[in-house]
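# Topology and contacts: notes
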Amino acid sequence: MQQGNEPKRTRVDNSIVSSTMGTVDRLSQLPEITILRILFLLSARDAARTSLLSKAWWRLWSSLPTENFEFRYSSFPQNCVPEEGENMGNEEILDKFIKFVDDSLFRIRGDKIKIESFLLHLPYCESKLQSHMDEWIELITKNPVKEFEIYSDRCHAHSEWYVLPRTISVAKSLSALNLQGLKLDETTFLGHSKFPCLRNLSLSKVHLSRTTAEKLLSSCPLLEQFVLRSCLGFSHLCIPNLPKLKKVEVYYLDGIVIEASNLEILDCTILSGNLEPGALLCNNLKELIVHSNPTIINQCIQQVFAKFLQLETLHLDYNFSSYEPYRISIIISRHQLKSLGLSVSGDPEAIEINAPNLKSYRFSSKTVPSSLLMNASSLQEAIFELHMEDIFDIDTEWFLNLLKYLMMFKNHKFLCLTIFSNASVTFNPLEWRGRYGSELPVIENLILRMTSSKENYEALLNGLLWCCHPKTLSVPLENERNRELLKFLYKAFTKEEDSFRRSSHCNWRHHLKDVKIVGLEVVDEKGLESLLTFEGYKLVTFELTWGAEDKGLESLLTFEGYN
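Keep in mind that this is a model prediction, so the values were computed, not measured. (Residues numbered from 1 in each chain as written. Predicted model: local features only at pLDDT ≥ 70, side-chain atom pairs only at ≥ 80, totals over all residues. Heavy atoms only, no water.)

Right, let's get into the packing of aromatic side chains. The tally for this structure, following the rule as stated, stands at 18 aromatic pairs. An angle of 20° between the planes, with centres 6.2 Å apart, marks the rings of F69 and F71 as stacked. With respect to class, F69 is no different from F71; both count as buried. Between Y405 and F409, the ring centres sit 5.6 Å apart and the planes meet at 65°, which makes this aromatic pair edge-to-face. (Phe/Tyr/Trp six-rings, centres within 6.5 Å; stacked < 30°, edge-to-face > 60°. Buried < 20%, exposed > 50% of the residue type's maximum accessible area, 1.4 Å probe, protein only.)

Tracing the chain through its elements places S169 in the loop between β3 (145-152) and β4 (176-180). For S169, a relative accessible area of 9% corresponds to the buried category. Residues in contact with S169, not counting those within four places in the same chain, are T188, F189, S193, K194 and F195. (Helix = DSSP H or I, 4+ residues; strand = E, 2+ residues; numbered from the N terminus. Contact = heavy atoms within 4.5 Å.)

Turning to the sheet that holds strand β17 (residues 372-375), a few remarks are in order. As summarised here, the arrangement of the three strands in space is β13-β15-β17, forming an open sheet in which the pairing is parallel. On the outer flanks of this sheet lie β13 (329-333) and β17, each paired with one strand and no other. Adjacent strand axes in the sheet meet at a mean angle of 0°, parallel and antiparallel pairs treated alike. Where strand β15 (residues 350-354) meets β17, four bridges bridge the pair, whose relative direction is parallel. (Pairing = 2+ DSSP bridges. Axes fitted to C-alpha atoms, helices over the stretch in contact; angles between N-to-C directions.)

You can see A355 is positioned in the loop between β15 and β16 (360-365). For the pair A355 and A376, spaced 21 residues apart in sequence, the C-alpha separation works out to 5.2 Å. The contacts of A355, once residues within four sequence positions are left out, are R334, L337, N375 and A376.

A word on helix α11 (residues 457-467). An α-helical turn contains 3.6 residues, so a residue and the one three or four places further along point in the same direction. Taking burial as the measure, the 11 residues of α11 include 10 buried ones, the bulk of the element. All of the buried residues in α11 are Y457, A459, L460, L461, N462, G463, L464, L465, W466 and C467.

To continue, consider the packing of α11 against helix α12 (residues 480-493). Packing of α11 against α12 leaves a shortest axis separation of 11 Å and a crossing angle of 60°. As the angle between them shows, α11 and α12 are arranged oblique. Crossing angle aside, the handedness with which α11 passes α12 is right-handed. Of the residues in α12, those touching α11 at Y457, E458, L461 and L465 are R481, E484, L485, F488, L489, A492 and F493. (Parallel < 35°, antiparallel > 145°, perpendicular 65-115°, else oblique. Left-handed = near helix turned anticlockwise from the far one by under 90°.)

On to the environment of A492, then. Position of A492 relative to the elements: it lies in helix α12. Residue A492 is classed as buried on the basis of its relative accessible area, which comes to 0%. Each C-alpha atom, one on A492 and one on R509, is 9.4 Å from the other, the two residues being 17 residues apart in sequence.

Close inspection of predicted coordinates is inappropriate in any region flagged by low pLDDT. Per-residue confidence for the protein chain gives a mean pLDDT of 79; residues scoring 70 or more make up 72%. Here residues 81-88 is a poorly scored stretch, pLDDT under 50, and it has five contacts once near neighbours within four places are set aside; other chains count. Ignoring residues within four places in sequence, the model shows residues 550-563, a span with pLDDT below 50, making 39 contacts including any to other chains. (pLDDT = per-residue confidence, 0-100.)

Our focus in this paragraph is the pattern of salt bridges. Under the defined criterion, the tally for this structure stands at 11 salt bridges. Here D103 and K99 are joined by a salt bridge, their closest N and O atoms 2.8 Å apart. Taken together, the residues D103 and K99, both in helix α6 (residues 90-105) and four residues apart, mark about one turn of the helix. Where E444 meets K471, a salt bridge forms, and the shortest distance between an N and an O atom there is 3.5 Å. Of this pair, E444 sits in strand β22 (residues 442-450) while K471 is found in strand β23 (residues 469-476), placing the two residues 27 residues apart along the sequence. Using a relative accessible area of 42% as the deciding quantity, one classes K471 as partly exposed. Here the salt bridges do not stand alone but share partners, grouping R229, K247 and E249 into one network. (Salt bridge = Lys/Arg side-chain N within 4 Å of Asp/Glu carboxyl O.)

Next comes the structure, spelled out in structure tokens:
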């Protein structure tokens with residue numbers, strides 16, 4: 001090979017290398033106080049990027065203090081103790097709250113810190129607060145902040161709208177932005193504002209235009225979850241094709257267009273318009289939740305099944321409140337469906353489900369369905385919630401209908417029944433003689449939430465235990481009536497209630513072999529009384545062991561009083 005064809009070699013001046021290396025070394029070896037001063041002068045985004053310069057810069061960046069700021073006006077008076085003899089009004093409390101926030105944020109005026117979260121909850125945003133809020137937000141956004149949340153209740157119509165300042169646009173490190181009760185106008189996001197790290201965006205009761213909403217969405221290239229709830233200023237929305245977007249919750253719109261092709265979960269409430277499957281370009285949708293009236297749901301459901309071939313989870317919330325005619329059929333037919341939830345405020349004329357691969361079924365209603373046809377050979381769990389707050393009378397016929405309904409699911413692995421009751425209850429098992437003789441279904445868990453008076457407890461318990469034998473019966477202690485119910489059940493299951501000894505309606509006790517109580521520190525009257533005065537939420541569970549289920553209902557009718 002000729003010498004002229006050899007690749008050219010470039011001579012490198014060692015003095016240049018030394019000079020360059022020396023520059024890097026000098027930059028890394030700057031005094032820590034100087035580096036911290038540089039970090040303070042830089043924007044939050046540029047300060048974060050300095051961690052890539054060298055290990056020394058990364059170490060100092062990592063060593064910056066991390067803060068969480070949480071300011072809740074509703075809990076502030078408990079922390080703001082008046083001086084002796086002082087009777088503070090709302091104005092004085094507000095002044096003290098403003099001073100408290102000012103003092104808490106004072107230390108970040110001269111130092112650069114990393115803010116994990118900033119949360120500000122206010123009952124309203126009057127003019128006195130707004131100038132302070134502008135200053136607080138500016139202080140926060142000058143630092144790298146991950147989670148930012150402002151909540152304003154605006155419970156009064158005369159409350160002023162607080163307009164979120166433009167300084168929010170400089171918070172490039174945000175990963176979560178939650179806003180409620182504020183206003184976003186056209187100037188909030190001027191120019192080409194971007195939130196390059198934002199993954200979760202939630203807007204609730206926010207006043208903004210459709211243009212502003214769509215511009216904000218387009219500025220979040222890595223957005224994964226978007227929630228829009230009861231916002232004002234527009235009724236239709238187009239969600240752009242954001243490649244990372246996986247979950248969308250949109251409530252109270254007339255129509256939506258979704259271009260996000262990788263969306264997997266959609267939860268939407270449609271008011272008066274239509275849910276157009278053709279406007280949903282998310283062909284990878286796996287879970288769909290729709291809240292609307294029966295007409296809108298029934299019109300779109302078959303189109304939904306035809307379009308979204310990967311759909312496995314479906315929840316339909318049928319709102320009958322403003323719909324005529326009141327009774328309508330619900331027909332679900334999809335072989336790929338694995339989880340189905342139906343919430344029905346009325347009494348559907350018929351429910352037909354053809355889903356042979358269905359594994360989980362949840363049904364919530366005010367009444368026991370009058371007609372159900374189900375092909376679900378793979379079903380493993382069934383969960384029922386009966387919200388009977390508006391039902392005034394429950395009689396023996398009601399319990400018989402409940403039994404027939406539960407019998408359809410007696411062979412499944414997990415069956416759970418939750419009852420919310422405010423009804424007057426009567427029960428007479430004599431009316432069942434000759435009408436039903438099959439064995440009782442076994443309920444995995446029966447949950448009782450009562451709002452009715454304690455005079456109904458005995459009849460309700462008798463009727464339910466003639467319908468099923470629950471493995472566990474749970475009572476959440478969330479109100480005074482449930483505490484009374486717990487006291488009643490304790491005496492009923494420990495055979496201390498005289499009325500049960502005398503009543504022939506409670507022959508279920510002949511099949512009850514053992515009772516264990518979970519949730520009582522001491523299982524006696526003393527432990528019960530201490531629990532009844534417990535403040536807060538607690539779940540008390542009775543674990544029930546039954547025998548002789550194979551004899552069925554007829555065996556219950558052969559004890560004394562029913563021969």
